[in-house]
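Here is how the chains run, residue by residue.
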Amino acid sequence: MTAPASPASPASSATSASSASPADRAGRAARTARAASVRFAATHTLPVLVRGFVGARPRATKGHAAPGRPRWSAATLRALRARHGGAPVLVRGLTGATLLVLDPQDIRQFYAEPVSGPAPAPAPGAPDGCTRAGPHAERRAVDESVLASGLPVHPSCGPFLSVLAEEARRLTGGNTLELARTRHAVARAARRIVLGDAAAEDTELTRRPGRFHPKAGARIAAYADLAEPHTLTGRARRHGDLTGGLDPVGQAAPWLAAFDLVPGVLLRTLLLLGAHPAEQDAVAAEARAPGAARGALPRLRACVREALRLYPAVPDLIRITRAETEWRGVRHPAGTCVVLPALFHQRDPEHVPAAHVFVPGRWASRGAEHDLRMAPFSHAGGRCPGEQLGLLVTTALCAEVLRGHRVHAVRPVLDPVGPLPGLLDPQGIRLRLTRR
């Protein structure tokens, strides 16, 4: 992305507001012209889809998620915001019209909308897709209880940290650290945390990230029967089922899939710390302090949050309205798809200081994790129940690496003071480890 820009002046803001079309001011929805819709699809929608495809099939699509794409997307969204005075804008797409939330003043209303329908599992590091609503409320209750959503220190913290310390030795077993090694170590830790030690060696359980072996259900059930009480499935077994239609152990598959996000977050955090040696030394000292044994690593947690701000696991958050809703005086029917481009807002230089720079200290301020502009784990009813567990896992693995090793970037090499790139593909990250 480009270097942080100066905040817009009152004059420029007034110009943007006055640029809204007469139709917008008359209480009708702001709509993009066909050319603007095409530009939005080309610079925003398609690159997001490509990045997801790259994650699933890296060799087939290598190089298609160009580093400049987020910059082009941000320019498109800023132009739409200026053209329509910040009002939510209807954009035509392949699946119909989408209402884009482009101004911070509308973010609170977006999070007030209930989350609709089934969603992916609660995930370490996976915002918004971690929720359940409506008929899925009971499953979400299981998620919140098993994952201990409101507790910075999980009740199974001790056993989990022991597992992570053991598996982290696979991360530091060589002089370099890349995605393949990281995925292997995290996958083993995930199987032990979710299903217990008996599942540690079952590498065929997930042949590819997020894709389960056809017989995985039966194998997961067999491991769940043997799972230790401190594991996630062990905790789920203790949950009652009031309706008889909920299988708490059935959450094991999505919990395992959720860990697929951890390697990318871990590598990006270590890469950013490699570009900021003073911060790396500070968090390494924190990792060696006595309190680290219980996962009390606030400075390192802030670094993980900042990595997720810069490179969110989910760049766009979505709501489908259940009833007719009003946005800035314009009424929209039930079933409207409302999109909050979270990456755009988290790296918006007009509203976020040092938007394109690694500043983990921003998370130390009071209430920072409730700042609606920042959504590493979403907010309100869509806030990820796995937030605290995800932070615990990722932070603990970072700490295990940094206690005895110094991290140096081999590729890519980041500018410690200039604006950071819009994308950091974990497949392209290579780190060098040296003993402290």
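What you see is a predicted model; the values in this text were computed from it and never measured.

Each value, and the rule that gives it
- Note that residues are indexed from 1 along each chain, following the sequence as it is written.
- This being a predicted model, a pLDDT of at least 70 is required before a residue's local features are given, and a value of 80 or more before pairs of side-chain atoms are given or counted; all residues contribute to the totals for chains, interfaces and linings.
- Each side-chain value is worked out from all heavy atoms of the structure, with water and hydrogens disregarded.
- Each helix is a run of DSSP H or I of at least 4 residues and each strand a run of E of at least 2, with the numbering of both proceeding from the N terminus.
- Under the scheme applied here, a residue whose accessible area is under 20% of the maximum for its type counts as buried, over 50% as exposed, and between as partly exposed, the area being computed with a 1.4 Å probe on protein chains only.
- Note that accessible areas follow from Shrake-Rupley with a 1.4 Å probe, and for residues the cover is restricted to the protein chains shown.
- Known as pLDDT, the predictor's confidence for each residue is given on a scale from 0 to 100.
- In what follows, residue pairs with any heavy atoms lying within 4.5 Å of each other are defined as contacts.
- Centres within 6.5 Å make a pair out of two Phe, Tyr or Trp rings, where for Trp the six-membered ring is used; the pair is then stacked when the planes are under 30 degrees apart, edge-to-face when over 60, and tilted otherwise.
- By definition here, charges over rings are those cases where NZ of Lys or CZ of Arg is within 6 Å of the ring centre and within 35 degrees of the ring normal.
- Pairing between strands is defined by DSSP: at least two bridges between them are needed.
- Axis angles are defined between N-to-C directions and span 0 to 180 degrees, where every axis is a line fitted to C-alpha atoms and, for a helix, only to the segment in contact.
- In what follows, roughly perpendicular refers to angles from 65 to 115 degrees, roughly parallel to angles under 35, roughly antiparallel to angles over 145, and oblique to any angle outside these ranges.
- Note on residue categories: nonpolar means Ala, Val, Leu, Ile, Met, Phe, Trp, Tyr, Cys or Pro, charged means Asp, Glu, Lys or Arg, and polar means any other residue, Gly included.
- Identification of polar contacts relies on pairs of N or O atoms within 3.5 Å, with a donor-acceptor requirement for protein atoms, meaning one able to donate a hydrogen and the other able to accept it, and with residues adjacent in sequence counted only if both atoms are side-chain atoms.

J.: Tell me what's going on with the overall build of the protein chain, and back it up with residues and numbers.
T.: Along the protein chain, the regular secondary structure elements total 17 helices and 12 strands. By the burial criterion, 50% of the 436 residues in the protein chain qualify as buried. Taken as a whole, the protein chain presents about 18,700 Å² of accessible surface, with 57% of it coming from carbon and sulfur.

J.: Just give me the short version of the confidence of the model for the protein chain, but keep the residues and values in it.
T.: Detailed reading of the predicted coordinates is not advisable wherever pLDDT falls low. Per-residue pLDDT for the protein chain averages 80, and the proportion of residues at 70 or more is 73%. Taking the mean pLDDT of every element in the protein chain, the minimum, 35, falls on helix α1 (residues 10-18) and the maximum, 97, on helix α13 (residues 262-274). Here residues 52-68 is a poorly scored stretch, pLDDT under 50, and it has 17 contacts once near neighbours within four places are set aside; other chains count. In the predicted structure, residues 117-135 sits below a pLDDT of 50 and forms 71 contacts with residues beyond four places in sequence or in another chain.

J.: Just give me the short version of the environment of L270, but keep the residues and values in it.
T.: Examined against the element boundaries, L270 turns out to sit in helix α13. For L270, a relative accessible area of 0% translates into the label buried. Along the primary structure L270 and H408 are separated by 138 residues, whereas in three dimensions their C-alpha atoms are 8.7 Å apart. L270 has contacts with L177, C398, V401, L402, V407 and L431, leaving out every residue within four places of it along the chain.

J.: Which residues make up the packing of aromatic side chains, and what values go with them?
T.: A complete count under the given rule lists one aromatic pair for this structure. Centroid distance F110 to Y111: 5.4 Å. Interplanar angle 80 degrees. Geometry classified as edge-to-face. Y111 matches F110 in its accessibility class, with the two residues each being buried. Over the ring of Y311 we find R347; its NZ or CZ atom is 5.4 Å from the centre of that ring.

J.: Please set out the sheet that holds strand β12 (residues 430-435) residue by residue, giving values where relevant.
T.: The three strands are arranged β4-β12-β11 in an open sheet whose pairing can be described as antiparallel. For this open sheet the edge positions go to β4 (176-177) and β11 (405-411), each flanked by a neighbour on one side alone. As paired strands, β11 and β12 are joined by six bridges and run antiparallel to one another. Paired with H405 across the two strands is R435, which belongs to β12.

J.: Outline the packing of α13 against helix α15 (residues 298-310), listing residues and values.
T.: As a packed pair, α13 and α15 sit with axes 9 Å apart at the nearest point and diverge in direction by 105 degrees. It follows from the interaxial angle that α13 and α15 lie roughly perpendicular. Of α15, the residues touching α13 (which contributes V265, T269, L272 and L273) are L300, C303, V304, A307, L308 and L310. Along the lines of polarity and charge, the residues of the contact of α13 with α15 split into nine nonpolar, one polar and no charged.

J.: Can you explain the environment of R436? Please cite residues and give values.
T.: Of note, R436 is situated in the segment after β12. C-alpha of R436 to C-alpha of V407: the two residues are 29 residues apart in sequence and 9.6 Å apart in space. When residues no more than four places from it in sequence are discounted, the contact partners of R436 are Q280, D281, A284, R288, L402, R403, G404, H405 and R406. One polar contact links the side chain of R436 to the main-chain carbonyl oxygen of L402, over a distance of 2.9 Å. In this structure the side chain of R436 is engaged in a polar contact, spanning 2.9 Å, whose partner is the backbone oxygen of H405.

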